[in-house]
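Below, each chain spelled out in residue letters.
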Amino acid sequence: MKNIVPILILLFFLQSCATTSIFKEKINLAGLLKIRDNIESTDNIAKQLLLKNELSNKIIVLNRVKVKDIIASSNVDYDFCVISEVKGDKGDIELYIYSKNIRAVSRLKKGESYIDAEGEFSRFFTTLDDYYLKIEIVNSRLRILKPDSPREE
């Protein structure tokens, strides 16, 4: 009987870890775009759904992206959103990066700061503007980089 309580606590801990980023596969932006191309290229809506669900189990890794802007969040779970943009093969991509680390976000300078970010994929979306694609990333961990640090690929 004494062993049941620690076992239950351990099982609860492992289950909660499974839903966090500890056990999720990490992919870079190129990998994310490859999966998106697969989603767009299939006519089978069931396969599209499976591919989209697969993305929810991925951690997106962004290396050395420049902070374009910091805005009030339109996502109810966050106070602020860090916006960045990168060049893609098919056009410019705008990144909406959400983090609960207000201290890190408060140290960012738009147009000057560079960050590394890791977060959970939320969604793709497009609007009628100059961007090929917009990507929303949530639960992000931000690391502010020195301006002269080299870009990692």
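Bear in mind that the values here come from a model prediction, so they are computed numbers and not experimental data.

What counts, and where the lines are drawn
- Residues numbered from 1 in each chain as written.
- Predicted model: local features only at pLDDT ≥ 70, side-chain atom pairs only at ≥ 80, totals over all residues.
- Heavy atoms only, no water.
- Buried < 20%, exposed > 50% of the residue type's maximum accessible area, 1.4 Å probe, protein only.
- Helix = DSSP H or I, 4+ residues; strand = E, 2+ residues; numbered from the N terminus.
- Pairing = 2+ DSSP bridges.
- Phe/Tyr/Trp six-rings, centres within 6.5 Å; stacked < 30°, edge-to-face > 60°.
- Lys NZ or Arg CZ within 6 Å of the ring centre and 35° of its normal.
- Axes fitted to C-alpha atoms, helices over the stretch in contact; angles between N-to-C directions.
- Parallel < 35°, antiparallel > 145°, perpendicular 65-115°, else oblique.
- Left-handed = near helix turned anticlockwise from the far one by under 90°.
- Contact = heavy atoms within 4.5 Å.
- Nonpolar A, V, L, I, M, F, W, Y, C, P; charged D, E, K, R; others polar.
- Core = buried A, V, L, I, M, F, W, Y, C linked by side-chain atoms within 4.5 Å.

1. Examining the pairing of strand β4 (residues 91-98)
Move 1: Buried residues dominate β4, accounting for six of its eight residues.
Move 2: Note that strand β3 (residues 80-88) and β4 share eight bridges and pair antiparallel. Its bridge partner lying in β4, S84 is registered against L95.
Move 3: Between β3 and β4, which pair antiparallel and follow one another directly, the connecting turn spans two residues.
Move 4: Across five bridges, β4 lies against strand β6 (residues 133-145) in parallel orientation. Note on β6: the bridge partner recorded for Y96 is E136.

2. Here we look at the packing of aromatic side chains
Move 1: All chains considered together, the criterion is met by two aromatic pairs.
Move 2: Aromatic side chains Y78 and Y98 sit 5.4 Å apart centroid to centroid with 40° between the ring planes, which places their arrangement in the tilted category. In this pair, Y78 sits in the loop between β2 (58-72) and β3 while Y98 sits in strand β4, placing the two residues 20 residues apart along the sequence.
Move 3: The exposure class assigned to Y78 is buried, which follows from its relative accessible area of 7%.
Move 4: On the basis of relative accessibility, which here comes to 2%, the residue Y98 falls in the buried class.
Move 5: Against the face of F124 rests R36, its NZ or CZ located 5.6 Å from the ring centre.
Move 6: The aromatic ring of Y114 is capped on one face by R64, whose charged end is 4.0 Å from the ring centroid.

3. What to know about the packing of helix α2 (residues 29-41) against helix α3 (residues 45-55)
Move 1: The interhelical angle for the contact between α2 and α3, taken along N-to-C directions, is 165°, at an axis separation of 9 Å. It follows that α2 is roughly antiparallel to α3 by the angle criterion. The two elements α2 and α3 meet at a crossing, and its hand is left-handed. For the pair α2 and α3, contact is made by L32, I35, N38 and I39 and by Q48, L51, K52, E54 and L55, respectively.
Move 2: Here the contact of α2 with α3 is built from residues that sort into five nonpolar, two polar and two charged.

4. Describing the pairing of β6
Remark: a regular strand shows side chains that alternate across the two faces of the sheet.
Move 1: Of the pairings in the sheet, the one linking strand β5 (residues 114-125) to β6 comprises ten bridges and is antiparallel in character. The residue of β6 that forms the bridge with A117 is L142.

5. A word on the nonpolar core
Move 1: If you look at the biggest cluster of nonpolar residues, it comprises 26 residues, and the most contacted ones within it are L62, L95, I115 and I135.
Move 2: Elements with a minimum of two residues in this core: α2, α3, β2, β3, β4, β5 and β6.
Move 3: Looking at this core, the element that brings in the most residues is α2, giving five residues.
Move 4: Beyond its immediate chain neighbours, meaning those up to four positions away, L95 contacts L29, L62, V65, V82, I83, S84, V86 and I135.
Move 5: Y78, I83, Y98 and V138 belong to the second largest nonpolar core, which has seven residues in total.

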